Amino acid sequence: MELKGKHIVLGISGGIAAYKSVHLLRLFVKAGAEVQVVITPNGKEFITPVTLSSLSRRPVISEFFTANTGEWHSHVDLGLWADAFVVAPATASTIGKMANGIADNMLLTSYFSTRGKVFAAPAMDLDMWLHRATQRNLATLRADGVEIIEPEAGELASGLVGKGRMEEPERIFEVVAAALASPRQLKGRRYLVTAGPTYENIDPVRFIGNYSSGKMGYALARALGEAGAEVVLVSGPVSLPTPEGDIRRIDVTSAREMLAACEMHFPECDGAICCAAVADYAPAVCAEKKVKREKLDRITLELVKNPDISATLGAMKKPGQTLVGFALETDSEMENALGKMKRKNLDWIALNSLRDKGAGFRTDTNKITLLSAGGGTTEYPLMSKEEVARLMIEEIFISK
Ligand code: C5P
């Protein structure tokens, strides 16, 4: 992947994995990027600035001033210069400071001044990774728009085995390069995305719903927006902010409302991604008043089948429109997903299996296999939903 003319700030904090950052730096430089290394004081205990400056062909920045000349290093300039800021390794301490606005070294002041995309590749021991404080800080960073490149499981420097090893440089490179590569390729295109659950009312205060958080659909809308597309985001009830970009959000509650919004907007779109977890059934009638417990010992709820939105769009689909669905399966995954793609006239289906840990509802990560009606299969490793979304958009709409 080409990164010619791109400016990358590589932030190195103090962890054993700092040695891997040398390789990451080489990959960025080889791809044509200009790289400025910023290292924390602790980082220098693990890797020498001389190695880094000779590979990046720039002096490594660590202190606010150069001691002998008194030259001041402007973190603001660095922040404005960066197309991407990549913190690798990101230690628990650096993650904590980034999440809480503590700016006590050059890496952190540069981070707080960065307008470009920020990535963090955590590296730490497994108990530190699992600690509630770390997970809380990571959630804050994700909400701040930082893309967390999840660590791998394996043998750690402590000898313990678990999650916490920094992701391999090749993978970090791929994620950053995909985000930086010609980002506006879908300019002039419009896509519909359905996201979140639907709520089917039983009475004015109760509903049938499901655990969908909407995170995957929102990540897809964001990735489409980042690629320059216009997005109509038809969203069930979720508590997520609308992603930045040219995104028109239409809030709906029930499957029927979602269907109506989709039928209205699909004809003017180049494609749709049906990511919503639509309730399969809705109460046949919605009671006008709250159903009172005192009066009834047992109640029977009559349910009727909801319309299938993706199948409806599949039947409406015109040549040139691309339709993408999701399949969450627990058994005979491949067979069921292929069957769904055919039945609903989809062009692509993203399969997640409930057998995979970290995949599916409410998590920040997902593991999918992308199947195309043409017979293609791409299996992705466990990644953040942001990364999954970006790679899906690349595969389905950009590279094809
Ligand atoms: O059949 P199943 O619900 O497993 O299919 C999942 C796919 O179909 C998803 O893309 C989902 O958004 C879509 N779907 C829909 N309307 C429904 C049920 C599912 O659009 N009523």
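Only a predicted model underlies this, so the values are computations on that prediction, with no experimental measurement involved.

## Topic: the sheet that holds strand S2 (residues 34–39)
Across the sheet, which stays open at both edges, the five strands sit in the order S2-S1-S3-S4-S5 with parallel pairing between neighbours. Of all the strands in the sheet, just S2 and strand S5 (147–148) have a single pairing partner and so form its edges. Where strand S3 (residues 84–90) meets strand S4 (residues 117–122), five bridges bridge the pair, whose relative direction is parallel. Paired with Val86 across the bridge in S4 is Phe119.

## A look at the side chain of Asn306
Mapped onto the secondary structure, Asn306 falls in the loop between strand S15 (303–305) and helix H11 (309–316). The contacts of Asn306, once residues within four sequence positions are left out, are Glu200, Ala255, Ala279, Asp280, Tyr281 and Ala282.

## Things to note about the sheet that holds strand S13 (residues 271–274)
One open sheet holds the eight strands; their spatial order is S12-S11-S8-S13-S16-S17-S19-S20, and the pairing between them is mixed. With one partner strand each, in any of the chains shown, strand S12 (247–251) and strand S20 (377–379) form the two edges of the open sheet. Strand-to-strand twist in this sheet, taken as the mean axis angle between neighbours without regard to direction, amounts to 15 degrees. The sheet contact formed by strand S11 (residues 230–235) and S12 spans five bridges and is parallel. Along S12, the bridge assignment pairs Val231 with Ile247. Packing against the sheet, helix H12 (residues 333–343) makes contact with strand S16 (322–329), strand S17 (348–353), strand S19 (369–372) and S20, and its axis sits at approximately 150 degrees to S17. Across the face of the sheet, helix H13 (residues 385–398) comes into contact with strand S8 (190–195), S13, S16, S17, S19 and S20 while running at roughly 140 degrees to S16.

## Some thoughts on the packing of helix H4 (residues 92–100) against helix H5 (residues 106–113)
Two elements in contact, H4 and H5, have axes whose closest approach is 10 Å; the angle formed by their N-to-C orientations is 40 degrees. Between H4 and H5, the crossing angle belongs to the class labelled oblique. Seen along the crossing, H4 lies across H5 with a hand that is right-handed. On H5, the residues that touch Thr94, Lys97 and Met98 of H4 are Leu107, Leu108, Tyr111 and Phe112. Considering only residue class, the contact of H4 with H5 consists of five nonpolar, one polar and one charged.

Calculation rules
Residues numbered from 1 in each chain as written. Predicted model: local features only at pLDDT ≥ 70, side-chain atom pairs only at ≥ 80, totals over all residues. Heavy atoms only, no water. Pairing = 2+ DSSP bridges. Helix = DSSP H or I, 4+ residues; strand = E, 2+ residues; numbered from the N terminus. Contact = heavy atoms within 4.5 Å. Axes fitted to C-alpha atoms, helices over the stretch in contact; angles between N-to-C directions. Parallel < 35°, antiparallel > 145°, perpendicular 65-115°, else oblique. Left-handed = near helix turned anticlockwise from the far one by under 90°. Nonpolar A, V, L, I, M, F, W, Y, C, P; charged D, E, K, R; others polar.

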